[in-house]
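Residues per chain, in single letters:
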Amino acid sequence: SQELEQSPQSLIVQEGKNLTINCTSSKTLYGLYWYKQKYGEGLIFLMMLQKGGEEKSHEKITAKLDEKKQQSSLHITASQPSHAGIYLCGAVPGGATNKLIFGTGTLLAVQP
Amino acid sequence: DGGITQSPKYLFRKEGQNVTLSCEQNLNHDAMYWYRQDPGQGLRLIYYSQIVNDFQKGDIAEGYSVSREKKESFPLTVTSAQKNPTAFYLCASSRSLAGAYEQYFGPGTRLTVT
């Protein structure tokens, strides 16, 4: 079965610093989703990547999917306290349906 | 405003009791999903439904049951057979089960069983 591994598990950064979160799959990714979650709340959709080499940006967050489609990275530029939360990657195993599997998440804290 | 609602936000039950978690969406989505989230384990799929009156078991369906009598509603029952029911439960929906459509999530229900 396909598994998603996220690194790091947790991250503390100073406000204004850049950071990167990685999501690595044991198999080819047919669709890679990034979500953000505040503790005790639902998930907020950030971005979806499908094609090898694809890159998308929204405000100060950029997500990339590598050419081999087995790793994705989420990069935050000039982090702010509002970026704090849990970042989860999700993927479609096999590509046939929209049943997602998720990584274990990366907890991000941003110190003012 | 379109979205997904889950109620209640917090739920407490005694061991041995069945409990039903509500999930309603007004996004006109065909597919709906139930996930369970435990610390350090990410989200795991319990049940999903592609269309009204149809649903399929996910990865951890034992001890749970669902129904899909209406397009907008997908309630989850946590039965007394579920060995570790205390968890954070998330409901989601997407336009379709097939294809690359993002899933929209509700705010979640935290269930505590003592």
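Refer to the structure above for everything that follows.
Residues numbered from 1 in each chain as written. Chains lettered and ligands numbered in written order. Predicted model: local features only at pLDDT ≥ 70, side-chain atom pairs only at ≥ 80, totals over all residues. Heavy atoms only, no water.

On inspection of all chains with the given rule, the structure shows two disulfides over all chains. Two residues, C23 of chain A and C89 of chain A, share a disulfide whose sulfurs are 2.1 Å apart. Judged by the sign of its S-S torsion, about 75 degrees, the bond between C23 of chain A and C89 of chain A is right-handed. Residue C23 of chain A is found in strand β3 (residues 19-25), and its partner C89 of chain A is found in strand β9 (residues 85-91); the two are separated by 66 residues along the sequence. Exposure remark for C23 of chain A: the relative accessible area of 0% places this residue in the buried category. Residue pairing for C23 of chain B: its cysteine sulfur links by disulfide to C91 of chain B, the two sulfurs lying 1.8 Å apart. Judged by the torsion about the S-S bond (-70 degrees), the C23 of chain B/C91 of chain B disulfide is left-handed. Here the residue C23 of chain B occupies a position in strand β3 (residues 19-25), and C91 of chain B occupies one in strand β9 (residues 87-94), the gap between them amounting to 68 residues. By relative accessible area, C23 of chain B is classed as buried at 0%. (Disulfide = S-S within 2.5 Å. Helix = DSSP H or I, 4+ residues; strand = E, 2+ residues; numbered from the N terminus. Buried < 20%, exposed > 50% of the residue type's maximum accessible area, 1.4 Å probe, protein only.)

Here we take up the sheet that holds strand β1 (residues 4-7) of chain B. All names here are of chain B. Here we have four strands laid out as an open sheet, ordered β1-β3-β8-β7, and antiparallel in their pairing. The open sheet terminates on both sides in strands that have one partner only, identified here as β1 and β7 (64-66). Across the sheet, the mean angle from the axis of one strand to that of its neighbour is 20 degrees, orientation sign disregarded. Examined bridge by bridge, β3 and strand β8 (residues 76-78) share three bridges and lie antiparallel to one another. Its bridge partner lying in β8, L21 is registered against L76. (Pairing = 2+ DSSP bridges. Axes fitted to C-alpha atoms, helices over the stretch in contact; angles between N-to-C directions.)

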